[in-house]
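Below, each chain spelled out in residue letters.
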Amino acid sequence: MQKAKYMKDDNKKPLVVLEMANNHMGDVTHGKALISALTEVVEPFRSKFDFSVKFQFRQLDTFIHRDYKGSDLKFVKRFEETTLTKSQWDELISHGRENQFLLIITPFDELSVERALNYNVDILKIASCSLADWPLLESVSDAKKDVIFSTAGANLGSIDNMVSFFSNRNINTTLMHCVGLYPTPFEQLNIGQVAYYSKRYPEIRVGYSTHEDPSLTETGAIAFALGANVFEKHVAMQTAEYDK
């Protein structure tokens, strides 16, 4: 593995990534209400942290195999039920910008990278399931945006390859320790990996993407003490219409 050609900026404020995933529920009004609620939560801490909202882009016409469109498979059904039109995305993303959030998008295919760039995305996030999707990674690299990638399910060789790939292209990169278990029991969080990655990859930012039960509030502080500087948390808002 080659060392990065740039040095990470240790003067940057820690970044908190608020992952909305499909929790806008395909409902722009609900999505905007969630962003407004998040704004109230983070406002007292903006001098110490940077905050972003994160969305996911998929081209469903090609992302879902034609044999499974309209099926009851859990994720297919959720993706299809929460689809937004371009004008709806425009409204939701504009609301995030108006509330002073950075914009992070996870593209799951090359066309979605182009869509993200149309919104002047600040950072592109690579899901752990996409670490071997080299056409997608090339498109992300060509975008010349800062990159965050998660490591859940990845072996050390794949992580080395990712760090080298983006480092050799002079792209600022953040590696996120992540356990792909929803929710993750405390005893399986393996937060010590943050310290391991910080030592192995000193030239890049290391972060912690959390999937533990929301009642476990101390894990972010532990990760910070071990060297994490970026923190990702899935967010949602319970309402009478959307109760989970």
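Our structure's up above, just so we're on the same page.
Thresholds applied
- Residues numbered from 1 in each chain as written.
- Predicted model: local features only at pLDDT ≥ 70, side-chain atom pairs only at ≥ 80, totals over all residues.
- Heavy atoms only, no water.
- Phe/Tyr/Trp six-rings, centres within 6.5 Å; stacked < 30°, edge-to-face > 60°.
- Lys NZ or Arg CZ within 6 Å of the ring centre and 35° of its normal.
- Helix = DSSP H or I, 4+ residues; strand = E, 2+ residues; numbered from the N terminus.
- Pairing = 2+ DSSP bridges.
- Axes fitted to C-alpha atoms, helices over the stretch in contact; angles between N-to-C directions.
- Contact = heavy atoms within 4.5 Å.
- Patch = residues over 30% accessible without salt bridge, like charges linked within 9 Å, V, L, I, M, F, W, Y side chains within 5 Å.
- Areas by Shrake-Rupley, 256 points an atom, 1.4 Å probe, with all protein chains shown as cover.
- Salt bridge = Lys/Arg side-chain N within 4 Å of Asp/Glu carboxyl O.
- Buried < 20%, exposed > 50% of the residue type's maximum accessible area, 1.4 Å probe, protein only.
- Polar contact = N/O pair within 3.5 Å; in protein donor to acceptor, adjacent residues only side chain to side chain.

Asks: What am I meant to see in the packing of aromatic side chains here?
Replies: Two numbers describe a pair of aromatic rings. These are the distance of the centres and the angle of the planes. Applying the stated criterion across every chain, the model contains twelve aromatic pairs. The lysine or arginine in question, arginine 58, covers the ring of phenylalanine 108, its NZ or CZ lying 4.1 Å from the ring centre. Taking NZ or CZ as reference, arginine 169 lies 3.8 Å from the ring centre of phenylalanine 165, over its face.

Asks: I would appreciate a short explanation of unusual backbone geometry in the present structure.
Replies: Negative phi values dominate among residues other than glycine, just as trans dominates among peptide bonds. Non-glycine residue alanine 21 carries a positive phi angle of around 45°. By the secondary structure assignment, alanine 21 is in the loop between β1 (15-19) and α1 (28-42). Even without glycine at this site, lysine 144 takes up a positive phi of about 60°.

Asks: Mind showing me how you'd approach the sheet that holds strand β4 (residues 123-126) here?
Replies: The strands making up a sheet associate through backbone hydrogen bonding, with each pair oriented either parallel or antiparallel. The parallel closed barrel is built from eight strands, whose spatial order is β1-β2-β3-β4-β5-β6-β7-β8. In this sheet, neighbouring strand axes are inclined to one another by 25° on average, regardless of whether the strands run parallel or antiparallel. Taken together, the six bridges between strand β2 (residues 50-57) and strand β3 (residues 102-107) define a ladder with parallel strand orientation. By the bridge assignment, lysine 54 is partnered in β3 with isoleucine 104. Contacts between helix α4 (residues 86-98) and the sheet are confined to β2 and β3, with β2 contributing the most and set at about 170° to the helix.

Asks: I keep staring at a nonpolar patch on the surface and nothing clicks. Help me out?
Replies: Among the surface-exposed residues, Phe186, Ile222 and Leu226 lie close enough to one another that they form a single nonpolar patch of about 220 Å² accessible area. Inspection of the secondary structure puts isoleucine 222 in helix α9 (residues 219-225). Overall, isoleucine 222 belongs to the partly exposed group, its relative accessible area being 33%.

Asks: Would you take a moment to explain the environment of serine 87 for this structure?
Replies: Mapping serine 87 onto the fold places it in helix α4. Measuring from C-alpha to C-alpha, the distance between serine 87 and valine 194 comes to 39 Å, with 107 residues separating the pair along the chain. Side-chain polar atoms of serine 87 contact the side chain of threonine 85, separated by 3.2 Å.

Keep in mind these values describe shape, not function.
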